[in-house]
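Summary of structural features
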Amino acid sequence: MKILTTPIKDEDLEALNVGDVVYLTGTLVTCRDVAHRRLIELGRELPVDLKGGAIFHAGPIVKQKEDGSYEMVSIGPTTSMRMEKFEKEFIRQTGVKLVVGKGGMGAETAAGCVENKAVHAIFPGGCAVLAATKVEKIEDAQWKDLGMPETLWVNRVKEFGPLIISIDTKGRNLIDENKARFNEKKKPILQRINEEVRFIK
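Since this is a predicted model, take the numbers as computed values, not measurements. (Residues numbered from 1 in each chain as written. Predicted model: local features only at pLDDT ≥ 70, side-chain atom pairs only at ≥ 80, totals over all residues. Heavy atoms only, no water.)

1. Describing the pairing of strand β4 (residues 61-64)
Bridge count between β4 and strand β5 (residues 70-74): four bridges; the pairing is antiparallel. Across the sheet, residue Ile-61 finds its bridge partner in β5, namely Ser-74. The antiparallel hairpin formed by β4 and β5 contains five residues in its connecting segment, where Gly-68 sits at a positive phi of about 95°. (Pairing = 2+ DSSP bridges. Helix = DSSP H or I, 4+ residues; strand = E, 2+ residues; numbered from the N terminus.)

2. Overview of the nonpolar core
Judged by nonpolar contacts, the single largest core of 29 residues is most densely connected at Leu-4, Leu-24, Phe-56, Ile-75, Leu-98, Phe-160 and Leu-163. For this core, the elements supplying multiple residues, two or more each, are β2 (21-30), β3 (54-56), β5, β6 (98-101), β7 (119-122), α5 (128-132), β8 (135-142) and β9 (152-167). For Phe-56, the contacting residues outside a window of four places in its chain are Leu-28, Val-29, Thr-30, Cys-31, Ile-75, Gly-76, Pro-77, Val-100, Gly-101, Phe-123 and Phe-160. Counting 22 residues, the second-largest nonpolar core is a separate cluster that includes Val-29, Cys-31, Ile-55 and Ile-91. (Core = buried A, V, L, I, M, F, W, Y, C linked by side-chain atoms within 4.5 Å. Buried < 20%, exposed > 50% of the residue type's maximum accessible area, 1.4 Å probe, protein only. Contact = heavy atoms within 4.5 Å.)

3. Let's talk about the environment of Leu-50
Here Leu-50 lies in the loop between α2 (33-40) and β3. A sequence separation of 137 residues divides Leu-50 from Lys-187, and the C-alpha atoms of the two residues are 44 Å apart. Those residues in contact with Leu-50 that lie beyond four places of it in its chain are Val-29, Ile-55, Phe-90, Thr-94, Gly-95 and Val-96.

4. Here we look at a nonpolar patch on the surface
Taken together, the side chains of Ile-189, Leu-190, Ile-193 and Val-197 define a hydrophobic patch exposed on the protein surface, amounting to about 320 Å² of accessible area. Turning to its location among the elements, Ile-193 is positioned in helix α6 (residues 174-196). (Patch = residues over 30% accessible without salt bridge, like charges linked within 9 Å, V, L, I, M, F, W, Y side chains within 5 Å. Areas by Shrake-Rupley, 256 points an atom, 1.4 Å probe, with all protein chains shown as cover. Salt bridge = Lys/Arg side-chain N within 4 Å of Asp/Glu carboxyl O.)

5. Concerning the UniProt feature "domain: Fe-S hydro-lyase tartrate dehydratase beta-type catalytic" (unreviewed entry) in the protein chain
In this numbering, the UniProt entry assigns the feature "domain: Fe-S hydro-lyase tartrate dehydratase beta-type catalytic" (unreviewed entry) to residues 5-175. For residues 5-175, the helix share is 23%, the strand share is 32%, and the end-to-end C-alpha distance is 25 Å. (UniProt positions renumbered as here; feature names shortened; annotations may be inferred.)

6. Topic: the packing of helix α3 (residues 84-94) against helix α4 (residues 107-116)
At a closest axis distance of 7 Å, the pairing of α3 and α4 adopts a crossing angle of 10°. The orientation of α3 with respect to α4, classified from their angle, is roughly parallel. In this structure, α3 contributes Glu-84, Glu-87, Lys-88, Ile-91 and Arg-92 to the contact, and α4 contributes Ala-107, Glu-108, Thr-109, Ala-111, Gly-112, Cys-113, Glu-115 and Asn-116. Class assignment of the residues belonging to the contact of α3 with α4 gives a composition of four nonpolar, three polar and six charged. (Axes fitted to C-alpha atoms, helices over the stretch in contact; angles between N-to-C directions. Parallel < 35°, antiparallel > 145°, perpendicular 65-115°, else oblique. Nonpolar A, V, L, I, M, F, W, Y, C, P; charged D, E, K, R; others polar.)

7. Structural notes on the packing of α2 against α3
Packing of α2 against α3 leaves a shortest axis separation of 10 Å and a crossing angle of 65°. In terms of orientation, α2 and α3 fall into the roughly perpendicular class. Considering the relative orientation of α2 and α3, their crossing is left-handed. On α3, the residues that touch His-36, Arg-37, Leu-39 and Ile-40 of α2 are Phe-86, Glu-87, Glu-89, Phe-90, Gln-93 and Thr-94. Tallied by class, the residues present in the contact of α2 with α3 amount to four nonpolar, three polar and three charged. (Left-handed = near helix turned anticlockwise from the far one by under 90°.)

8. Concerning unusual backbone geometry
Going from Thr-6 to Pro-7, the amide bond is cis rather than trans, its omega being 0°. Positionally, Pro-7 belongs in the loop between β1 (2-5) and α1 (10-13). Backbone torsion omega between Gly-161 and Pro-162 reads 10°, so that peptide bond is classified as cis. Among the secondary structure elements, Pro-162 is positioned in strand β9. Phi is positive for Lys-117, close to 50°, though the residue is something other than glycine. Note that Lys-117 resides in the loop between α4 and β7. Given the relative accessible area of 29%, Lys-117 is considered partly exposed. One non-glycine residue, Glu-159, lies in positive phi territory at about 50°. Relative to the helices and strands, Glu-159 resides in strand β9.

The following block contains the structure:
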């Protein structure tokens, strides 16, 4: 089992390839739409140091306990592609090394991963409650004015995953490669279907 530990170094990522499965131990910060916009569009400095760190495109459910501390109830991924327009510059400015979310990302993020030695990984959907069991402690919460889903929740995690590498430091993109391969397989099947049902108008 391959475990990445924060702070993540370039050499920790260089041997990873798309399709590899890894787990994360250390610090994982939830960071989604508005946090990206505040940094990139508004120029507001993030209140969390992400250099060598990991972010999770997620919308968690968090419970505040009587002593004022927080407990992670559920932490499921949200669609990473929504952050595509920001992610390349986000990676460059923050020095983040691991971006986790649902689904793949595009060419701009892939370029950012190559230029800055970072990776994107997919966390399986439907496992939000299981994921919460890998959060040992919520160590901090920043930008709480954004509401629970958009707050920057700073989590201490142990063997958080599985995380499927979808963009590696070489710029390969698992989702794009799979689409191309599946489309090639689909062509003869569609041709056969068309021949069988050509009488349908």
